[in-house]
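Each chain is listed here by its residues.
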Amino acid sequence: MDFELGNNAALLVPIVLVVLGVILIFSAVKVVPQGYQYTVEQFGRYTRTLSPGLAFIVPFVDRIGHKLNMMENVLDIPTQEVITKDNAMVSCDAVVFTQIVDPVPAAYEVNDLIRAISNLSMTNIRTVVGSMDLDQVLSNRDDINARLLAVIDAATQPWGIKVTRIEIKDLTPPGDITEAMARQMKAERLKRAQILEAEGDRASAILKAEGQKQSQILEAEGRREAAFRDAEARERAAEAEAKATEVVSEAIAKGDVNAINYFLGLKYVEAFAKLASSPQQRTVIVPADFAGLVGAIEGVKALTDNVKRAAQDTPPRPPAGGSPFTTRG
């Protein structure tokens, strides 16, 4: 039996050694994934940082302290009520993008890194939003984001954290303020509509007045042109009358009785025309000496014939400078 126990012990020793060897190998060999870094502690003190890939540590002496994610992380900031500068209550939340740039401070300078960044963001949101009026808060999100980024990034630098972005997700004022803002917006839009309508009426009135002005100018120019034409026609009639008078005067001077008959017949015809065209005249009485009217017309005809014959019998006048056949020696 002692022999069998010895044989069993001899078989157990290699098995134990193999198991210990496997444990030592797994304890000494570490595989760090891409995007992560491990801190190594020796008897509780930080010694070095393991980069992504295959790494070796001393078994039972070194151990992995912290496994840090070096990729950019997204942290949601819970919703909170914030009082603005003009005492309006606003519900706001945010999202923060962070990245570990130095694993040692991130592992050993702060406890519970996520909670620290969340609380720091919430307090700075209250500070920044509380220093602004409600209208500024609702209209200047970019300004709020920039101020929060500068403050939180400066506060997390000692922890080895880089805050890349911070964005306000939602800003919700109370219901009564929302209704007041809606009424204000409606009133503003109505005001703009009335202003535009008034400007349209003004432009329309200006265009109408301009059109009337142009119409009156054109009408005045037309009246002026008509008056000019009327004056020119009267001038031509006066010239014709003067010419006729001159011809008649010459005929009278020569003793032609037909000239006198011409004037008398002309006036007789004009008077008879006025009498016939009068709107108050219902009956036109033909005078008994109507034959005299015919004689006057015959006299005019004879006078016209005499003028024509005189014009034909009169030789053409030579030019003012003498006879065209005269030559100078």
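Residue indices follow the written sequence of each chain, beginning from 1 at its first position. Totals for whole chains, interfaces and linings use every residue, but because this is a predicted model, local features are given only for residues with pLDDT of at least 70 and side-chain atom pairs only at 80 or more, for both listing and counting. The basis for the side-chain values is all heavy atoms of the structure; hydrogens and waters are excluded.

J.: I would appreciate a short explanation of the sheet that holds strand β7 (residues 89-100) in the present structure.
T.: Pairing between the strands of a sheet is mediated by backbone hydrogen bonds and can be parallel or antiparallel. Spatially, β6-β7-β8 is the arrangement adopted by the three strands of the open sheet, whose pairing is antiparallel. Either end of the sheet is taken by a strand with one partner, and the two such strands are β6 (73-83) and β8 (161-172). Across the sheet, the mean angle from the axis of one strand to that of its neighbour is 20 degrees, orientation sign disregarded. When DSSP locates at least two bridges between a pair of strands, those strands are taken to pair. To qualify as a helix, a DSSP run of H or I must reach at least 4 residues; to qualify as a strand, a run of E must reach at least 2; elements of each kind are numbered from the N terminus. Where β7 lies against β8, ten bridges are found, and the strand directions are antiparallel. The residue of β8 that forms the bridge with Val96 is Ile166. Running over the sheet, helix α3 (residues 113-130) touches β6, β7 and β8 and is turned about 40 degrees from β6. Angular values range over 0 to 180 degrees, each being the angle between N-to-C directions of two axes fitted as lines to C-alpha atoms, with helices fitted over their stretch in contact. Note on contacts: a residue pair is in contact if any heavy atoms of the two residues lie within 4.5 Å.

J.: How should the packing of aromatic side chains be read in this particular structure?
T.: Aromatic ring pairs are reported here in terms of the distance separating the ring centres and the angle at which the planes meet. Here a pair means two rings of Phe, Tyr or Trp (six-membered ring of Trp) with centres within 6.5 Å. Their orientation is stacked below 30 degrees between planes, edge-to-face above 60, and tilted elsewhere. Here the structure, examined in full by the defined rule, presents one aromatic pair. With a centroid separation of 5.7 Å and an interplanar angle of 55 degrees, the aromatic rings of Tyr46 and Tyr108 are classed as tilted. Placement of the pair is Tyr46 in strand β3 (residues 45-50) and Tyr108 in helix α2 (residues 103-108), with a sequence separation of 62 residues. What makes Tyr108 partly exposed here is its relative accessible area of 33%. In this scheme, a residue with accessible area under 20% of its type's maximum is buried, one over 50% is exposed, and one in between is partly exposed, where area comes from a 1.4 Å probe on protein chains only.

J.: Just to check I follow, could you spell out the pattern of salt bridges for this structure?
T.: Where charged atoms from two side chains of opposite charge come close, those side chains can pair. The working definition used for a salt bridge is a side-chain nitrogen of Lys or Arg within 4 Å of a carboxyl oxygen of Asp or Glu. All told, the structure shown has nine salt bridges when counted by the stated rule. Between Arg165 and Glu72 there is a salt bridge whose closest N-O contact spans 4.0 Å. One end of the pair, Arg165, is in strand β8; the other, Glu72, is in the loop between β5 (62-69) and β6, with 93 residues separating them in the sequence. Judged by its relative accessible area of 36%, Glu72 falls in the partly exposed class.

J.: Just to check I follow, could you spell out the side chain of Asn124 for this structure?
T.: Locating Asn124 in the fold gives a position in helix α3. Owing to a relative accessible area of 11%, Asn124 belongs among the buried residues under this scheme. Engagement of the side chain of Asn124 in a polar contact is seen with the backbone oxygen of Leu120, the distance being 2.7 Å. Here Asn124 is in contact with Leu148, Val151 and Ile152, once residues within four sequence places are set aside. Here a polar contact is taken to be a pair of N or O atoms separated by no more than 3.5 Å, where protein atoms must pair a possible hydrogen donor with a possible acceptor and residues adjacent in sequence count only if both atoms sit in side chains.

J.: Help me understand the side chain of Thr156, please; the structure alone is not making it clear to me.
T.: With respect to the secondary-structure elements, Thr156 resides in helix α5 (residues 141-156). The class for Thr156 is buried, based on a relative accessible area of 0%. Apart from the residues within four sequence positions on either side, Thr156 is in contact with Ile117, Leu120, Ile161 and Val163.

J.: Teacher, can you tell me more about the sheet that holds β3 here?
T.: Within the open sheet, the three strands sit side by side as β3-β2-β5. Their pairing is antiparallel. Each end of this open sheet is capped by a strand with a single partner; those strands are β3 and β5. The average angle at which neighbouring strand axes cross in this sheet is 30 degrees, direction not considered. Inspection of the sheet shows strand β2 (residues 36-42) paired to β3 by five bridges, in the antiparallel sense. Bridge pairing in β3 links Val40 to Arg48.

J.: Could you clarify how one ought to interpret the nonpolar core in this entry?
T.: Where a protein is soluble and globular, its nonpolar side chains tend to be buried together. Side-chain atoms within 4.5 Å are what join buried Ala, Val, Leu, Ile, Met, Phe, Trp, Tyr and Cys residues into a set we call a nonpolar core. Leu113, Ile125, Ile144 and Trp159 are the most contacted members of the largest nonpolar core, which totals 35 residues. When residues of this core are traced back to their parent elements, those giving at least two are β6, β7, α2, α3, α4 (134-139), α5 and β8. In terms of residue count, the dominant contributor to this core is α3 (eight residues). The residues contacting Ile125, other than those within four sequence positions of it, are Ile77, Gln80, Val82, Cys92, Ala94, Gly130, Leu148 and Ile168. Of all hydrophobic cores here, the second largest spans seven residues; its members include Val32, Tyr38, Val40 and Ile57.

J.: Even after reading the chapter, I still don't get α5, so can you show me in this structure?
T.: Residues three or four positions apart in an α-helix share a direction because the helix packs 3.6 residues into each turn. Its 16 residues place the ends of α5 22 Å apart at the C-alpha level, agreeing with the 22 Å of an ideal helix rising 1.5 Å per residue. Taken residue by residue, α5 has Ile144, Asn145, Leu148, Ile152, Asp153 and Thr156 as its buried positions. In a view along the axis of α5, the buried residues occupy a sector of 140 degrees, so they form one face of it. For α5, the secondary structure elements touched by its buried residues are α3, α4 and β8. In a helix, the anticipated span is given by 1.5 Å times the number of residues less one. By construction, the arc corresponds to the directions joining the helix axis to the C-beta atoms.

J.: Just to check I follow, could you spell out α3 for this structure?
T.: With 18 residues, α3 extends 26 Å between its outermost C-alpha atoms, agreeing within 8% with the 26 Å of an ideal straight helix rising 1.5 Å per residue. Taken together, the buried positions of α3 are Leu113, Ala116, Ile117, Ser118, Leu120, Ser121, Met122, Asn124, Ile125, Val128 and Val129. The elements touched by buried residues of α3 are β6, β7, α2, α4, α5 and β8.

J.: Explain the environment of Gln157 to me, please; I cannot follow it from the model alone.
T.: Of note, Gln157 is situated in the loop between α5 and β8. You can call Gln157 exposed: its relative accessible area is 52%. Taking C-alpha positions, Gln157 is 9.6 Å from Ala106, a pair spaced 51 residues apart along the chain.

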